[in-house]
Amino acid sequence: MLPGVATEREVRNLERERARSALKRCGAEKDLARLAKAVQLSLGYVPPRAIPLLAERVGLDVEAVTSRLESEGGILLEPDCRQRIEICSGKTCARRGGAKLIRQARSTLGIDLFRETPDQRVRIEPFRCFGQCARAPNLRVNGVVQGAMTEKRFGLFLGALARVSK
Ligand code: FES
């Protein structure tokens, strides 16, 4: 489990480690779809960082794996949720309250980073700098960056999401 603040490297490493563990649990399996589904089970979808691992495992190049997964039924290359909340874990945001926002999201929704609520409505992820540090702390909901986020404002938003998700 990540602490409140995740650096870009930690996020990358965590995703990669989870994907690697999922592949390890597959033993000698070489079927791309089965391997991708194992990664998806662990991370909720098959993130771009897992594609090179899959490619290496099945002996194809990254482009070939991506194109096969795109045409494979049941494989998600994007998270499947209605609300995707990315909370900036960059230095400026973390210092100005972003770390608390990550903890708040995890405890209010009862899920860890890279996870969705059981009804698939909400997913939370850290993100390393949206390039809008002047408005820190920032988070992004479904692609829209919301700056100067306060715990109170975020709490109201999360509370509404948590109620809908129960
Ligand atoms: S550190 Fe958060 S937007 Fe730059």
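If you're wondering where the values come from, they're calculated on a predicted model, not measured in any experiment.

Colleague: Could you give me a rundown of the overall build of the protein, with the residues and numbers involved?
Modeller: For the protein, the helix and strand inventory stands at six helices and five strands. For the protein, the N- to C-terminal ordering of α and β elements is α-α-α-α-β-α-β-β-β-β-α. Taking the intrachain contacts of the protein between residues at least 6 apart in sequence as the baseline, contacts between residues at least 24 apart amount to 63%.

Colleague: Explain the pairing of strand β1 (residues 83–88) residue by residue, including any values.
Modeller: Along a regular strand, successive side chains alternate from one face of the sheet to the other. Summarising the sheet, β1 and strand β3 (residues 122–127) pair through six bridges and their orientation is parallel. Residue pairing in the sheet places glutamate 86 in a bridge with glutamate 125 of β3. Both β1 and strand β4 (residues 139–141) contribute to a ladder of three bridges, which runs antiparallel. Note that in β4 the partner of isoleucine 85 across the bridge is valine 141.

Colleague: Got a sec to walk through the sheet that holds strand β2 (residues 115–116)? Specific residues and values, please.
Modeller: Sheet architecture is open: five strands sit in the order β2-β3-β1-β4-β5, paired in mixed fashion. Both outer strands of the open sheet, β2 and β5 (144–146), are each paired with one neighbouring strand and no more.

Colleague: How would you explain the confidence of the model for the protein if you had to name every residue and give the values?
Modeller: The pLDDT averaged across the protein works out to 86; a share of 90% of its residues lies at or above 70. Here residues 1–5 is a poorly scored stretch, pLDDT under 50, and it has 12 contacts once near neighbours within four places are set aside; other chains count.

Colleague: An account of the pairing of β3 is needed here, citing residue identities and associated values.
Modeller: Taking burial as the measure, the six residues of β3 include six buried ones, the bulk of the element. Of the two faces of β3, both are covered, the one formed by Val122, Ile124 and Pro126 as well as the one formed by Arg123, Glu125 and Phe127. Note: β2 against β3, two bridges, orientation antiparallel. By the bridge assignment, glutamate 116 is partnered in β3 with arginine 123. Count of turn residues in the β2/β3 antiparallel hairpin: five residues, of which glutamine 120 carries a positive phi of about 65°.

Procedures and definitions
Residues numbered from 1 in each chain as written. Predicted model: local features only at pLDDT ≥ 70, side-chain atom pairs only at ≥ 80, totals over all residues. Helix = DSSP H or I, 4+ residues; strand = E, 2+ residues; numbered from the N terminus. Contact = placed C-beta atoms within 7 Å. Pairing = 2+ DSSP bridges. pLDDT = per-residue confidence, 0-100. Buried ≥ 20, exposed ≤ 12 C-beta atoms within 10 Å, placed from the backbone.

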